[in-house]
Amino acid sequence: MEPQSSTLFSAPRMLTLVGSILVSLSSGTNYVPYAPQLGARLLLSHTQLNVIGLAGNVGVYLSGPIWGRVVDSKGPRIPLISAFTCLLVGYLGIKRIYDDGAETAISSMHLVILIACSFMTGLAGNAGLAVAMNTTAKSFPETSRGTITGLVLSGFGLSAFFFATVASIAFPGDTSALLFVLGLGTTMPMLLGLVIVRQIPLPPLSTTLSIEGGVHGREEYQPIPSGDAALFISGNNSSHTSLLDPTEHIHEASNYHVPEPSTAVELVPDRIVSRRSSSRSTSRAKPVHDGPNVYGKQLWLTPDFYLIFIIMSLLSGTGLMYINNVGSISQALYAKGNPNYDELEASRWQAAQVSTLSVCNFAGRILIGLIADLIRFRLRLPRVYCFCIVSTLFVVSQLSAISVNDVAHLWKATALLGLAYGSLFGIAPTIVIDWFGLSHLSENWGFVSLSPLVGGNIFSLMFGHNLDSHNSNDDTRTHPSLSLIRRGGVPSDHQCFDGRNCYVSSLYVTATACLIALGLSVWAGIRDQRKTEEAKREVIWDADE
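Notes on the structure in this doc start here. The residue count restarts for each chain, going from 1 along the sequence in the order it is written. Where local features are concerned, this predicted model is filtered to residues with pLDDT of at least 70; where side-chain atom pairs are given and counted, the filter is 80 or more; whole-chain, interface and lining totals use all residues. Values reported for side chains reflect all heavy atoms of the structure, with hydrogen atoms and water molecules removed beforehand.

### Here's the deal with the overall build of the protein
A count of helical and extended segments in the protein gives 19 helices and 4 strands. For each residue, the accessible area found with a 1.4 Å probe, counting protein chains only, is set against the maximum for its type, and the residue is called buried under 20%, exposed over 50%, and partly exposed in between. A total of 545 residues make up the protein; the buried ones form 57% of that total. Residues count as neighbours in contact if any of their non-hydrogen atoms are within 4.5 Å of one another. For the protein, the share of sequence-separated contacts (at least 6 apart) that also reach a separation of at least 24 residues comes to 81%. Per-residue and other accessible areas follow the Shrake-Rupley method at a 1.4 Å probe size, with only the shown protein chains counted as cover for residues. Here the protein has roughly 21900 Å² of accessible surface; of this, 62% comes from carbon and sulfur atoms. Helix numbers and strand numbers start at the N terminus; a helix is a DSSP run of H or I with at least 4 residues, a strand a run of E with at least 2.

### Some points on the pattern of salt bridges
We count a salt bridge whenever a side-chain nitrogen from Lys or Arg sits within 4 Å of a carboxyl oxygen from Asp or Glu. Taken as a whole and judged by the stated rule, the model has 8 salt bridges. Its salt-bridge partner being Lys95, residue Asp99 comes within 2.9 Å of it at the nearest N-O pair. In this pair, Asp99 and Lys95 are both assigned in helix H6 (residues 77–100), 4 residues apart and thus about one turn of the helix distant. A single network of salt bridges, built from pairs that share partners, joins Asp304, Arg527 and Asp528.

### Side note on the environment of Phe309
The residue Phe309 is located in helix H12 (residues 303–335) in this model. A relative accessible area of 17% places Phe309 in the buried class. For the pair Phe309 and Val454, spaced 145 residues apart in the sequence, the C-alpha separation amounts to 9.7 Å. Apart from residues no more than four positions distant in its own chain, Phe309 is found in contact with Phe447, Val448, Leu450, Ser451 and Val454.

### Some points on helix H4 (residues 46–62)
The end-to-end C-alpha separation of H4 is 23 Å, in line with the 24 Å expected for 17 residues at 1.5 Å each. Those residues of H4 lying buried are His46, Leu49, Asn50, Ile52, Leu54, Ala55, Gly56, Asn57, Gly59, Val60 and Tyr61. An expected span of 1.5 Å times one less than the residue number is assigned to each helix.

The following block contains the structure:
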């Protein structure tokens, strides 16, 4: 056992883990807070800013299936080189347009270039994340998969805070310098990843039998990635006979059966045990397959895919809406009834929200990994129950944001949202492995990660339209701070100063969406638990025969 443990934590494996975390840290910079400053300098409306922000999100999520297939088939080299190029061109392109400024409304050509550059940064982010997640998931055993995946994904969550903090310390208040730091600082880890990030094969595991946990290894078998039990039970068992007698021919089967491609796919409990007569005792055992292996056309035919897709759309859409607009929310709350509006102080409140969001995002990804492994291996429950925890956090975050009237208390809603958003993306890849298998993780996760495009686009554009509809009601008579903001050079035509009234109706919509996601999560957990219990009953029935 000790040699195996030392092999699992060998230097090459730890080096790959560290490299993957650094690549992930450079992949989440789409959420770095520079949108309000970009809008102020280039005279952009909230809707235009949301379109630019959504272009980055589209780059992240739309490229998921493509990068997933490339990583699964070609390895990390191509995605890392592409990420390096796109990050460098994308951020330096945005910096160039920002430095040029705009005397009047930005031209259509410059707006298109901004959208394209934002899209490239998102494209690069998903390339780096796909490499980091795939490499570590296939380099560490299932017993620590939730924790390791959460640790790698935590780098993605901490990315915005890390780069924003570095830029604020080195170049305080300088948005152009921030964009320069993003352009160079995110590309170096991608080059480093080319050298140290690679899949390390797992060592053979010893056999451990458990009705709840299944077999955790055997010399001739690879570790089973399924979240449910897979049992090996020999025939003619008695108190004098080993349960895993190597002289008998035994067949392995997963709890989930994948039908032929010509039929609709549904993951259902399968019969666990099959036996052959003892006269064939010299035969060598062969596995049927290593757990679920659903991908391609079969993925789109199984209801489980649509279930996780809907849950992810509702929850991630809520998170993206808040993340993309938290700067505008803090400005609206700060300006409400404030005759001494200070642009520098407003930017500090904005930075505080983003820092809180990023740190809690980071914490959520780590904590949910630990909780997932605890639920799976200690409580013997399906990991999908973690979706119930995540959905509850989202609901509470939206209700908290609705109740906030003072920017000084906005951090509470921001912290809850960050924790929920990080937890969502920390647990979702592990659920994808449990439901669909490890062999095509990156490709399957790429398709699942299309889900934020649906909710993110709908909720973010709704939020931006809501803000813009309130802007027309602002004037210097109802908002004394407006004249001060004009003198500060901020385009007042594109600001809302009604406090929570600027956006609260959007939060009611997202709170309802999160409640729906919570209901679906509870149903998914109960359904998976019933499948596991049915599989156990079949095992006991077969063993008694």
